[in-house]
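Listed here are the chains, written in short residue letters.
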Amino acid sequence: MNIKIHESWKIHLKEELEKPYFSELTNFVIEEYATNTCYPKRENIFAAFDHSTFAQTKVVIIGQDPYHGPNQANGLCFSVQDGIKHPPSLINIFKELHTDMEKAYPKSGNLEHWAKQGVLLLNATLTVRAHEAASHQKKGWETFTDVVIKKISQEKKGVVFLLWGGFAKKKARLIDENKHFILTSGHPSPLSANRGLWFGNQHFSECNSILEDLFGAGIAW
C-alpha cells in the first residue's frame, strides 16, 4: 500500500506512519485488497488528505466507515462517485443543506468540491471489505485517525468540527474546545433523522458564520 498522503500531512504524521501498529495495518490492508474486493479503490484510500492540505483544513466532518457497495466509496466520508445513486444519509445531508442554505439539491453526490475548499471528510476507518460493514474496524485505522484529529486540534486554531451522531460525538474528547468550534447533532441516517435528531441543525450556515468571522469567507457548499 503506497502512503500517498499529501506531503503537508506527512510532516505532521511522520512519527505515526513509522509506528509498528501502522506497519501491521498496512500489511493487513495489502492482504485484504489482494484477496478480497475492498473499498475505496486503493488510490483513493487517503483521498481526504490529498484534497485538503493540513494548512488549508478549516472544517472537519467525521464519518465511521466507507460505503461498502460497488463503486460508491471515493475516500471522502459521506461522498460517492459521480453518477452513483445517493445513499440515504447523503440524501438527508443534501435536504438539510437545501433547507438551511437554500441550495438546490445536487445531481452528483461527489463531495470533492467541499474537500478542495478545506473540508476534511474523514472516515474513522479508511477501508472496508465489500458488503461487510465494519469489517476493517479495530485493525489500527481508528488509532491513526484519532491522531489526525489530535494533531489538528493541537497544531491549528479555529477549525470547525461537525460531529454527527453518537460515534462522531465521542471524538470531541480529542478536540480542544478553547481553540476550536464543535457543532453536534444526530446522524443524517434515516434512523436518526426520522426521530427529529438531524433536520434543522443548520450546521452549514452556522459553520459558514464562524468561518466568515474568522477568515472572511465560508464554504461554497
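Above this note sits the structure.
Criteria and cut-off values
- Residues numbered from 1 in each chain as written.
- Predicted model: local features only at pLDDT ≥ 70, side-chain atom pairs only at ≥ 80, totals over all residues.
- Heavy atoms only, no water.
- Pairing = 2+ DSSP bridges.
- Helix = DSSP H or I, 4+ residues; strand = E, 2+ residues; numbered from the N terminus.
- Axes fitted to C-alpha atoms, helices over the stretch in contact; angles between N-to-C directions.
- Expected span 1.5 Å × (residues − 1).
- Contact = heavy atoms within 4.5 Å.
- Salt bridge = Lys/Arg side-chain N within 4 Å of Asp/Glu carboxyl O.
- Buried < 20%, exposed > 50% of the residue type's maximum accessible area, 1.4 Å probe, protein only.

Our next topic: the sheet that holds strand S3 (residues 119-123). Adjacent strands of a sheet pair through backbone hydrogen bonds, lying either parallel or antiparallel. Read from one edge of the open sheet, 4 strands run S3-S2-S5-S6, paired in parallel fashion. Each edge of the open sheet carries a strand with a single partner, namely S3 and strand S6 (181-185). Pairs of neighbouring strands in the sheet enclose a mean axial angle of 20°, with direction left out of account. The pairing of strand S2 (residues 59-63) with strand S5 (residues 160-164) spans 3 bridges and is classified as parallel. Directly across from Val60, in S5, lies its bridge partner Phe161.

Across its 14 residues, helix H4 (residues 88-101) extends 20 Å between first and last C-alpha, which sits within 8% of the 20 Å expected from 1.5 Å per residue. On its buried face, H4 sits against helix H5 (112-115), S5, helix H8 (190-193) and helix H9 (203-215). The positive-phi residue at the C-terminal boundary of H4 is Glu102, with phi of around 55°.

By the definition in use, this model includes 9 salt bridges. Between Glu18 and Lys14 there is a salt bridge, with its nearest N and O atoms 2.9 Å apart. With a relative accessible area of 54%, Glu18 lands in the exposed category. A salt bridge links Lys171 to Asp146; the nearest nitrogen and oxygen atoms lie 2.7 Å apart. Here Asp146 lies in helix H6 (residues 141-155) and Lys171 lies in the loop between helix H7 (166-169) and S6, a separation of 25 residues in the sequence. The pair Lys171 / Asp146 is uniform in exposure class, with both members buried.

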